[in-house]
Amino acid sequence: KATKVCCNFPETLAHVPEDKAVLTGTPIRAELLSGDADRAFALCNFTDSAKPTLLVVGGSSGSRAINTAIRDLLPELIKNYNVIHLCGKGNVDTSLNAIAGYAQFEYANEELADLFALSSLVISRAGANAICELLALHKPNLLIPLSANASRGDQILNARSFERQGYSVVLEEEELNHDVLLKAITDLYQNRETYIQAMKNSPQQNSIDTIIDLIESVARH
């Protein structure tokens, strides 16, 4: 029945009639594009502005696997990064509050744009909205999708699509350990410009403008 079908991932195009499928990407909240890095730096009580910032996002309820892996690695991470950890409701570890260069929050609302603005790298789950925000913001990212055992497998498909397109590094949750995670973060930071350029060149940019233009074009006919 549809005249055109807006698609988020290039893999979807093969499952929609060729004359109807349009790769638009997903619209994101415009306010995420106007964060203030200085405000985030102050919020987190960081003191070393020379260090890049690593933002860890485990989803609204947090991720035990990601939280544990990051905290186990913390002594190594804070040597080279400021770390912002969104760990989920009830998951703040108060014993870590005094560690310089580490800031933990249950979640972020209006502060999220500022935290993104400060971040040089992001570790995230692979929900479609979350990774499209990373794409729009051109944030080099390490995706740790929900395992197939804990989900319908959509996050794994999302993550692998972004990996194929050169936007993301992917680690399966079952692969998480100290050495593997540290190497993935180090490699991502060293090669960050490659990922930034791939995202800047993505056809899934400016989704709102693309979709509005498509609506207006279809309406005229």
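The structure displayed is predicted, hence computed values, not measured ones.

Conventions adopted
In every chain, residue numbers begin from 1 and rise along the written sequence. Where local features are concerned, this predicted model is filtered to residues with pLDDT of at least 70; where side-chain atom pairs are given and counted, the filter is 80 or more; whole-chain, interface and lining totals use all residues. Side-chain measures were taken over the full set of non-hydrogen atoms in the model, leaving aside hydrogen atoms and water. Note on geometry: axes are C-alpha line fits, over the in-contact stretch for helices, and angles between N-to-C directions span 0 to 180 degrees. Counting from the N terminus, the helices are DSSP H or I runs at least four residues long and the strands are E runs at least two residues long. Just so you know how the angles are binned, under 35 degrees is roughly parallel, over 145 roughly antiparallel, 65 to 115 roughly perpendicular, and the rest oblique. Crossing handedness is defined as follows: a turn of the near helix away from the far one that is anticlockwise and smaller than a right angle gives a left-handed crossing, while the clockwise case is right-handed. Note on contacts: a residue pair is in contact if any heavy atoms of the two residues lie within 4.5 Å. For this classification, the nonpolar set comprises Ala, Val, Leu, Ile, Met, Phe, Trp, Tyr, Cys and Pro, the charged set comprises Asp, Glu, Lys and Arg, and every other residue, Gly included, is treated as polar. Any two of the Phe, Tyr and Trp rings considered here, Trp counted by its six-membered ring, make a pair once their centres fall within 6.5 Å; the pair's planes then place it as stacked at under 30 degrees, edge-to-face at over 60, or tilted in between. Categorising residues by exposure relies on relative accessible area from a 1.4 Å probe, with only protein chains included: less than 20% of the type maximum marks a residue as buried, more than 50% marks it as exposed, and the intermediate range marks it as partly exposed. A positively charged side chain is recorded as over a ring if its NZ (Lys) or CZ (Arg) lies within 6 Å of the ring centre. The angle to the ring normal must also be within 35 degrees. The rule for a salt bridge is simple: a side-chain nitrogen of Lys or Arg has to be within 4 Å of a carboxyl oxygen of Asp or Glu.

A. A look at the packing of helix α2 (residues 64–80) against helix α6 (residues 178–190). At a minimum axis separation of 10 Å, α2 and α6 run at an interaxial angle of 60°. Judged on the interaxial angle alone, α6 and α2 are oblique. Crossing hand, α2 versus α6: right-handed. Residues Ala69, Ile70, Asp72, Leu73, Glu76 and Leu77 of α2 form the contact with α6, whose participating residues are His178, Leu181, Leu182 and Ile185. Here the residues of the contact of α2 with α6 are counted per class, giving seven nonpolar, one polar and two charged.

B. Broad picture of unusual backbone geometry. Phi is positive for Asn45, which is not a glycine, with a value near 60°. Tracing the backbone shows Asn45 in the loop between α1 (37–43) and β3 (53–57). Positive phi outside glycine occurs at His138, with the angle close to 60°. Assignment of secondary structure puts His138 in the loop between α4 (128–137) and β7 (141–143).

C. Geometry of the packing of aromatic side chains. According to the stated counting rule, one finds four aromatic pairs in the structure shown. The interplanar angle of 65° and the centroid separation of 6.0 Å between the aromatic rings of Phe9 and Phe162 together place this pair among those described as edge-to-face. Here the residue Phe9 occupies a position in the loop between β1 (5–7) and β2 (21–23), and Phe162 occupies one in helix α5 (residues 154–164), the gap between them amounting to 153 residues. You'll find Phe9 and Phe162 in the same group, each marked buried. When the ring of Phe41 is compared with that of Phe46, the centres are 6.0 Å apart and the planes differ by 70°; the resulting orientation is edge-to-face. If you follow Arg192 out to its NZ or CZ, it ends over the ring of Tyr189, 3.9 Å from the centre.

D. Expanded view of the pattern of salt bridges. This model, assessed by the stated rule, comprises eight salt bridges. Across the pair Glu133 and Arg29 runs a salt bridge whose closest N-O atoms are separated by 3.0 Å. Here Arg29 lies in the loop between β2 and α1 and Glu133 lies in helix α4, a separation of 104 residues in the sequence. Accessibility expressed as a relative area gives 12% for Glu133, which makes it buried. A residue is classified by how much of its surface remains accessible, and Arg29, at 39% relative accessible area, is partly exposed. Residues Asp187 and Lys183 are paired through a salt bridge, measuring 2.6 Å at the closest nitrogen-oxygen approach. Residue Asp187 and its partner Lys183 are both found in helix α6; the two are separated by four residues, about one turn of the helix. Beyond isolated ion pairs, a larger network of salt bridges with shared partners links Arg160, Glu163 and Glu172.

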